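# Structural description and commentary
For reference, the chains in residue letters:
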Amino acid sequence: MKDEKYCLLKKKPQLFCLSEKVNGHKVYMYRDDPEDFGFGGNKVRFFEYLIPDILAENPTEIVTSGSMFSNHIRVTAQVASHLGIPCKLLLTEDELPDKLTGNIALAKEYKAETECIGHFAALLKIGEYMNQLKESGRKAFLVPNGGHTPGAVRAYANVVSQTLDELEKQGVRPATIYLPCASGTTHSGVLCAAAKRGIPEVVSFAVANTPARAQKGISKLIGAAKEYLPVDFEPSTVTVCDSSKNDYGHPDEELLSLRERLFRTDGILLDPTYNINAFYGMWKALEERPGNEDVLYINTGGYTAY
C-alpha cells in the first residue's frame, strides 16, 4: 500500500465528460493534474509507491533510462531532487540537440546528470553502468525504463479503480477503456482494475513501441498483480493497436488539429508525445463504431517533451 506521507500529487485525479460525442458515444476522460509535480502525469503515481523502497535501500544515486521525450526521465529527476539523492539519466538517443528544452532542460534544473547511450544495446549498456557503480563501491537504485515494474501496475490499478468508483457514483459503467501504451505498464494496471470490475474491453494505442512488443510486456507484468485479476483471466485478452500516427514526439497537422479541437471544446490540452496519438486512435475507432456507449479515456498526463 502507498504510504500517504510520500504523496507527491496533492490533487486527486480529475474526471471529465467531454462535451462532444463521437459517433454517438459519450467519452469520459480521467487525468492526473500534470502541473502538480514535475508535469509528469501518471508517472508520479508510480513513484508514490516506490519512494519507501528507494529510501529503504539508502542508495548513493538513482539511475534510470529512457528517451529524451519521456515523462519518466523528468519525473525521476524531480523525485531524486525531492529526496536529495543524486540522479543519473541514461538517454536512449545517440546525442542531444544543441538547444536543450522540455524534459532535458527540466532534468538539468533538478541537477540530474545525463548520458546518451543510444537505443542499440541499451539494456546491455545500462547493465555495464550498474556494474561499474558496484565495483566502485557505489550503491545505485535502478528504476527501469518507464517504471516498468509490478509496483507500477499496482499503483495504476489503484488509481483507475478510484476513477471507476467515481463513474459508478454517476451511474456510468464504461464499455471500453482507451489509453496510450509505450512499455505497457499503465495498460497492465488499467487491465487489472477493469478485469476486477468486469469491464469487458481495454484498448491501448502503441506509442514509441510496436503493438507486439507492448503486448509482450503487458503479458509479463500482469502476472505480478494476480490479486487484482479474476482467476479465469487470460492474457490473450490484451489489446494493443497501432494508432497509425506513431511518430514519437513529432505530431503531424492532423494530430495537432484534433488537439486544438479538444482544447477549444473542453479546455483540455493533450501532450503531443503520448496522448494525442492515442486519443486520435480512439477517435477514429469510435467513428467506425456506431452506437451510444459510454467509454473512458485514460489521459496519462505529462507535458510537452520538446
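Refer to the structure printed above.
Quick summary incoming for the structure in this document. (Residues numbered from 1 in each chain as written. Predicted model: local features only at pLDDT ≥ 70, side-chain atom pairs only at ≥ 80, totals over all residues. Heavy atoms only, no water.)

This brings us to the overall build of the protein. Helix and strand counts for the protein come out as 9 helices and 10 strands. Evaluated residue by residue, the protein yields a buried proportion of 53% over its 306 residues. The long-range fraction of contacts in the protein, counting pairs at least 24 apart against all pairs at least 6 apart in sequence, stands at 80%. (Helix = DSSP H or I, 4+ residues; strand = E, 2+ residues; numbered from the N terminus. Buried < 20%, exposed > 50% of the residue type's maximum accessible area, 1.4 Å probe, protein only. Contact = heavy atoms within 4.5 Å.)

Moving on, we come to the layout of surface pockets. Reported here for the largest pocket is a volume of approximately 1,200 Å³. Contributing to the lining of the largest pocket are 39 residues, with N145, A182, S183, N209 and R213 lying nearest its centre. When contributions to the lining of the largest pocket are tallied by element, the ones reaching two or more residues are β3 (61-66), α2 (71-83), α4 (122-135), β6 (140-143), β7 (176-181), α6 (185-197) and α7 (211-221). Split into classes, the residues belonging to the lining of the largest pocket amount to 13 nonpolar, 21 polar and 5 charged. (1 Å grid on protein atoms, 1.4 Å probe; cavity = no way out; pocket = protein on both sides within 12 Å on 5 of 7 lines; lining within 4 Å. Points joined across faces, edges and corners; volume = space filled by probe spheres on them. Nonpolar A, V, L, I, M, F, W, Y, C, P; charged D, E, K, R; others polar.)

Before going further, it helps to examine the packing of α2 against helix α3 (residues 102-109). Packing of α2 against α3 leaves a shortest axis separation of 9 Å and a crossing angle of 10 degrees. As the angle between them shows, α2 and α3 are arranged roughly parallel. Facing α2, whose interface residues are N71, I73, R74 and A77, α3 presents N103, I104, L106 and A107. (Axes fitted to C-alpha atoms, helices over the stretch in contact; angles between N-to-C directions. Parallel < 35°, antiparallel > 145°, perpendicular 65-115°, else oblique.)

Ordered in space as β5-β4-β3-β6, the 4 strands form an open sheet in which the pairing is parallel. Each edge of the open sheet carries a strand with a single partner, namely β5 (113-116) and β6. Averaged over all pairs of adjacent strands, the angle between strand axes in this sheet comes to 20 degrees, irrespective of strand direction. One ladder, built from 4 bridges, connects β3 with β6; its direction is parallel. Paired with V63 across the bridge in β6 is L142. Its contacts with the sheet place α2 against β3, β4 (87-91) and β6, and it is angled at close to 170 degrees to β3. (Pairing = 2+ DSSP bridges.)

The end-to-end C-alpha distance of α4, which contains 14 residues, comes to 20 Å, matching closely the 20 Å that a straight helix rising 1.5 Å per residue would cover. Three or more residues of α4 are buried, namely A122, I126, Y129, M130 and L133. Down the axis of α4, the smallest arc covering the buried residues is 95 degrees, so these residues share one side. Among the exposed residues of α4, those pointing more than 90 degrees away from its buried face are L124, K134 and E135. Downstream of α4 by a residue or two, G137 has a phi angle that is positive, lying close to 85 degrees. (Expected span 1.5 Å × (residues − 1). Arc of directions from axis to C-beta.)

On the basis of which strands lie adjacent, the open sheet formed by 6 strands has the order β1-β2-β10-β7-β8-β9 and mixed pairing. The sheet is open, and its two borders are formed by β1 (14-17) and β9 (239-242), each paired with just one other strand. Neighbour-to-neighbour, the strand axes of this sheet turn through a mean angle of 25 degrees, independent of strand direction. Relative to β9, strand β8 (residues 201-206) runs parallel, the two sharing 4 bridges. By the bridge assignment, S204 is partnered in β9 with V240. Strands β1, β2 (26-31), β7 and β10 (294-299) of the sheet are contacted by helix α5 (residues 150-169), whose axis makes an angle of about 145 degrees with β10.

Turning our attention to the packing of aromatic side chains. Enumeration over the complete set of coordinates arrives at 4 aromatic pairs. Seen from their ring centres, Y178 and F205 are 6.3 Å apart, and the 15 degrees between their planes marks the pair as stacked. Placement of Y178 in strand β7 and of F205 in strand β8 is noted, with a sequence separation of 27 residues between them. Judged by relative accessible area, which is 5%, F205 ranks as buried. Each member of the aromatic cluster is reached from another via a ring pair, and the members are F279, W283 and Y297. (Phe/Tyr/Trp six-rings, centres within 6.5 Å; stacked < 30°, edge-to-face > 60°.)

Right, let's talk about the nonpolar core for a bit. One recurring pattern in soluble globular proteins: nonpolar side chains tend to sit buried together. Ranked by size, the top nonpolar core spans 33 residues in total, and within it L164, I177, L296 and I298 carry the most contacts. Of all the elements in the fold, those that place two or more residues in this core are β2, α5, β7, α6, β8, α7 and β10. Once residues within four sequence positions are removed from consideration, I177 is found in contact with L164, V190, A194, I199, E201, V202, V203, L296 and I298. (Core = buried A, V, L, I, M, F, W, Y, C linked by side-chain atoms within 4.5 Å.)

A word on the environment of V22. Its location among the elements puts V22 in the loop between β1 and β2. Considered as a pair, V22 and K284 are 262 residues apart in the sequence and their alpha carbons are 9.0 Å apart.

Without other data, these values stay purely geometric and don't point to any function.
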